[in-house]
Amino acid sequence: MISVFGSKVGKEEIANVSAVLESQWMGFGKKVSEFEEKFAARRGHKHFAMVDSGSNALYMAVSLLNLPKDSEVIVPAFTWVSCAQAILLAGHKPVFCDVELDTLNVNRHTVEQAMTDKTAAIMVVHFAGKPVDLNPIIELGLPIIEDAAHAVDSTYYGQPCGGIGDVGIYSFDAVKNLTTGEGGGITTQKSELIERAKILRYCGIGKSGFEAAAASAGEKNRWWEYNIQEPFIKMLPTNIAGAIGLAQLEKIDDLQAYRKQIWDIYQAEFRDIPWIITPPDAEEYEKHSYFTYVIRVPERDKLARHLFDAGIYTTLRYHPLHLNPLYGSTATLENCEVLNEDSLSIPLHPNLTLDQVSFIIDTIKQFGD
Ligand SMILES: Cc1ncc(COP(=O)(O)O)c(C=O)c1O
């Protein structure tokens, strides 16, 4: 079966992981700090802290805003469940908003439709790595959380997605453009927020065993003592994850170029097929990350079955959250509901061969014949 998502690792990641294992320090340590520095430099972020997943980074991001309890936080319905879970877990209410049919992103209009006098923050998702048109949303004057899980290479008017709002997050899970197996990160322009994030990620203690050991080399006596700053869960990343990330950083340009190559082939092949709606390319003031290629077709379920029978796995990412009974939403979000019926992610990742890409295209075209 040809998979729909994927990351690519090789001998460089294996060598880095072996070195970590041989060092006998697998947990949080120098490889994490090294990855944090290099990732921040690549993205142009002043501050960046790695955590153990993008989902936990979202929970951290909402927590960092210190919103009054039971605040409403606007979130697109067409996103991964962690976005809404993070808001709920931090003691607030997710209020779902619609997305654009072409970009699959929120815009100022869809956000405004969900706003009430209790709205305290807005979470946006740069879907597939296509940047959200943020400037008009920033003008609304509320704190913004940017989910850049798909947007590891994306920019908006030259600024790195994730680093434009108040707090931004990344995911480095097993199928993301840059993987660390599992992993995530948080960025902000405010030094006090990143300092707090670094304290919170280790149960609110703020000093890991690694950091305590480093302190023991200095003047401090009883380096093992600490003050617990706040109650929080543990979301420390490991040296293993950091080491994988460092190898990925060396090859991310090539991985991105290959994703773009596949994207461009799909665009050229599908653009003129009347029954397929293709996704928009990046505008000249944007850089895309090509995390996933979503087409819209009238007979989506039948096409998915046709591809599955030919050995091509496709999926709908994501089932609109406002339709999930857990959240008790009564919203009608027209575009999300249309997308729920006609959108489909087809394979786009660096493990695909160009022969497989041709096979996918032929199999899709055959469906229309
Ligand atoms: C938009 C979005 N946000 C957050 C996440 C969560 O990231 P992670 O899998 O690292 O927890 C994902 C994961 O797929 C995602 O797609």
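Higher on the page you've got the structure.
Summarised in this report is the structure supplied together with it. (Residues numbered from 1 in each chain as written. Predicted model: local features only at pLDDT ≥ 70, side-chain atom pairs only at ≥ 80, totals over all residues. Heavy atoms only, no water.)

Now for the overall build of the protein chain. Helix and strand counts for the protein chain come out as 12 helices and 12 strands. Based on the C-alpha atoms only, the size of the protein chain along its principal axes is roughly 75 × 55 × 35 Å. Considering the protein chain as a whole, with its 369 residues, one finds that 54% of them fall into the buried category. Put simply, of all contacts in the protein chain between residues at least 6 apart along the chain, 70% involve residues at least 24 apart. Here the protein chain displays about 16,100 Å² of accessible surface, and carbon together with sulfur accounts for 52% of that area. Of the side-chain charges in the protein chain, 33 are positive and 48 negative, and the distance between the mean point of each set is 6 Å. (Helix = DSSP H or I, 4+ residues; strand = E, 2+ residues; numbered from the N terminus. Buried < 20%, exposed > 50% of the residue type's maximum accessible area, 1.4 Å probe, protein only. Contact = heavy atoms within 4.5 Å. Areas by Shrake-Rupley, 256 points an atom, 1.4 Å probe, with all protein chains shown as cover. Lys, Arg positive; Asp, Glu negative; His and termini not counted. Charge placed at Lys NZ, Arg CZ, Asp CG, Glu CD.)

What follows covers the sheet that holds strand β7 (residues 159-160). Read from one edge to the other, the open sheet built from 3 strands follows the order β7-β6-β10, with strand pairing classed as antiparallel. In the strand order of this sheet, the two ends are held by β7 and β10 (286-287), each with one partner. (Pairing = 2+ DSSP bridges.)

Turning next to the packing of helix α2 (residues 30-43) against helix α9 (residues 239-270). In the contact formed by α2 and α9, the axes pass within 7 Å of each other and the chain directions differ by 30 degrees. One way to sum up the angle between α2 and α9 is to call them roughly parallel. Considering how the two elements wind past one another, α2 and α9 form a crossing that is left-handed. Two secondary-structure elements touch here, α2 through Lys30, Lys31, Val32, Glu34, Phe35, Lys38, Phe39 and Arg42 and α9 through Asn239, Gly242, Ala243, Gly245, Leu246, Leu249, Ile252 and Asp253. Of the residues contributing to the contact of α2 with α9, the split by class is 7 nonpolar, 3 polar and 6 charged. (Axes fitted to C-alpha atoms, helices over the stretch in contact; angles between N-to-C directions. Parallel < 35°, antiparallel > 145°, perpendicular 65-115°, else oblique. Left-handed = near helix turned anticlockwise from the far one by under 90°. Nonpolar A, V, L, I, M, F, W, Y, C, P; charged D, E, K, R; others polar.)

A separate point is the site of the ligand. Taken together, 16 residues lie around the ligand, and Ser55, Asp147, Asp173, Arg317 and Tyr318 are the ones closest in. The separation between a nitrogen atom of the ligand and a polar side-chain atom of Asp147 is 2.6 Å. Bound to the protein, the ligand loses 95% of the 390 Å² it would expose on its own. Take the shell around the ligand: its biggest share by element is 3 residues, from helix α3 (residues 54-64). Here the residues of the shell around the ligand are counted per class, giving 5 nonpolar, 7 polar and 4 charged. (Near = heavy atom within 4 Å. Polar contact = N/O pair within 3.5 Å; in protein donor to acceptor, adjacent residues only side chain to side chain.)

The sheet built from 7 strands is open, its strands ordered β1-β9-β8-β5-β4-β2-β3 with mixed pairing. The sheet terminates laterally at β1 (48-51) and β3 (93-97), the two strands that pair on one side only. In this sheet, adjacent strand axes meet at a mean angle of 20 degrees when their direction is disregarded. In this structure, strand β2 (residues 72-76) lies alongside strand β4 (residues 119-125), joined through 3 bridges in parallel fashion. When the bridges of β4 are listed, Ile74 appears paired with Ile122.

Where nonpolar side chains cluster on the molecular surface, the patch consists of Met1, Phe308 and Tyr313 and spans about 310 Å² of accessible area. As for its placement among the helices and strands, Phe308 is situated in helix α10 (residues 300-309). (Patch = residues over 30% accessible without salt bridge, like charges linked within 9 Å, V, L, I, M, F, W, Y side chains within 5 Å. Salt bridge = Lys/Arg side-chain N within 4 Å of Asp/Glu carboxyl O.)

Moving on, we come to the side chain of Asp342. One can find Asp342 in helix α11 (residues 334-342). Discounting chain neighbours no more than four positions away, the residues touching Asp342 are Ile295, Arg296, Val297 and Arg300.

What follows is about α11. Within α11, burial applies to Asn335, Cys336, Leu339, Asn340 and Asp342. For α11, the elements touching its buried residues are β3, β11 (293-296), α10 and β12 (343-346).

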